[in-house]
Amino acid sequence: MEIMTNNENGTSVTLGNHSDKFAFRQKALTAVLGCLVVLLAFCGCDSEREYYDDIYIPLQDASEQLIIKEWRFLLGSGIEVYYQKNDDNPILLGKATGGDDGFCPFKESLYEFTQDGDSVTIKWCFNPSESKDKTTWKSKTFKLPQ
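Conventions used here
Residues numbered from 1 in each chain as written. Predicted model: local features only at pLDDT ≥ 70, side-chain atom pairs only at ≥ 80, totals over all residues. Heavy atoms only, no water. Phe/Tyr/Trp six-rings, centres within 6.5 Å; stacked < 30°, edge-to-face > 60°. Buried < 20%, exposed > 50% of the residue type's maximum accessible area, 1.4 Å probe, protein only. Helix = DSSP H or I, 4+ residues; strand = E, 2+ residues; numbered from the N terminus. Pairing = 2+ DSSP bridges. Axes fitted to C-alpha atoms, helices over the stretch in contact; angles between N-to-C directions. Lys, Arg positive; Asp, Glu negative; His and termini not counted. Salt bridge = Lys/Arg side-chain N within 4 Å of Asp/Glu carboxyl O. Polar contact = N/O pair within 3.5 Å; in protein donor to acceptor, adjacent residues only side chain to side chain. Contact = heavy atoms within 4.5 Å.

Asks: Any chance you could explain the packing of aromatic side chains here in plain terms?
Replies: Where two aromatic rings form a pair, the distance of their centres and the angle of their planes describe that pair. Under the criterion given, the structure shown has 2 aromatic pairs. Ring geometry for Phe 106 and Tyr 111: centres 5.0 Å apart, planes at 25°, overall stacked. Exposure remark for Phe 106: the relative accessible area of 2% places this residue in the buried category. Note on Tyr 111: relative accessible area 26%, which makes it partly exposed. With a centroid separation of 6.1 Å and an interplanar angle of 40°, the aromatic rings of Phe 106 and Trp 124 are classed as tilted. Highlighted residues: Phe 106 in the loop between strand S7 (91–97) and strand S8 (111–116) and Trp 124 in strand S9 (residues 119–127), separated in sequence by 18 residues. No difference in accessibility class separates Phe 106 from Trp 124, as the two residues are buried.

Next up, the structure:
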């Protein structure tokens, strides 16, 4: 849409087609963002979780164990908890978030484990601090398969 106006001398002035300018800016912005996404996908950040060495925790029955798979991605971390009996394939019991700001508590051995019959509780340091009063711990209980 062109806007025309008269100036003091009585001549008309065209102010331009504003919808065309807006559409051009929108297309240019979309193209720039699209290039940025492609660059990040091929050259930028690693797009997969980084897994650390598995942690094996023996259970009360010597034929059973837990396997903790700790991962980190950007500023997040977490665990996958598996149950294994004898040499059977491990069974996923569940997942949990790890530490704050990408902190990996299991890699740092800042975790505790207890078994109560057919359930296990894992407690880990979520946010370590110099002061024990400010250190944050989390825990999660998992039911063992029968």
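Alright, that's what it looks like, and here's the rest.
Asks: What's the story with the sheet that holds strand S10 (residues 136–143) in this structure? I'm lost.
Replies: The pairing of strands in a sheet comes from backbone hydrogen bonds and takes either a parallel or an antiparallel form. The antiparallel open sheet is built from 3 strands, whose spatial order is S8-S9-S10. A single partner strand is all that each edge strand has here, and the edge strands are S8 and S10. Going across the sheet, the axis of each strand differs from the next one's by a mean of 20°, ignoring polarity. As defined by bridge partners, S9 adjoins S10 across 8 bridges and the pair is classed as antiparallel. Bridging from a neighbouring strand, Ile 122 pairs with Lys 140 of S10.

Asks: So what exactly am I meant to see when it comes to the side chain of Glu 64 here?
Replies: With respect to the helices and strands, the residue Glu 64 is situated in strand S5 (residues 64–73). Salt bridges are absent for the buried Glu 64, whose nearest opposite-charge side chain, Lys 85, sits at 4.1 Å. One polar contact links Glu 64 to Tyr 83, side chain to side chain, over a distance of 2.4 Å. Beyond its immediate chain neighbours, meaning those up to four positions away, Glu 64 contacts Pro 58, Leu 59, Tyr 83, Gln 84 and Lys 85.

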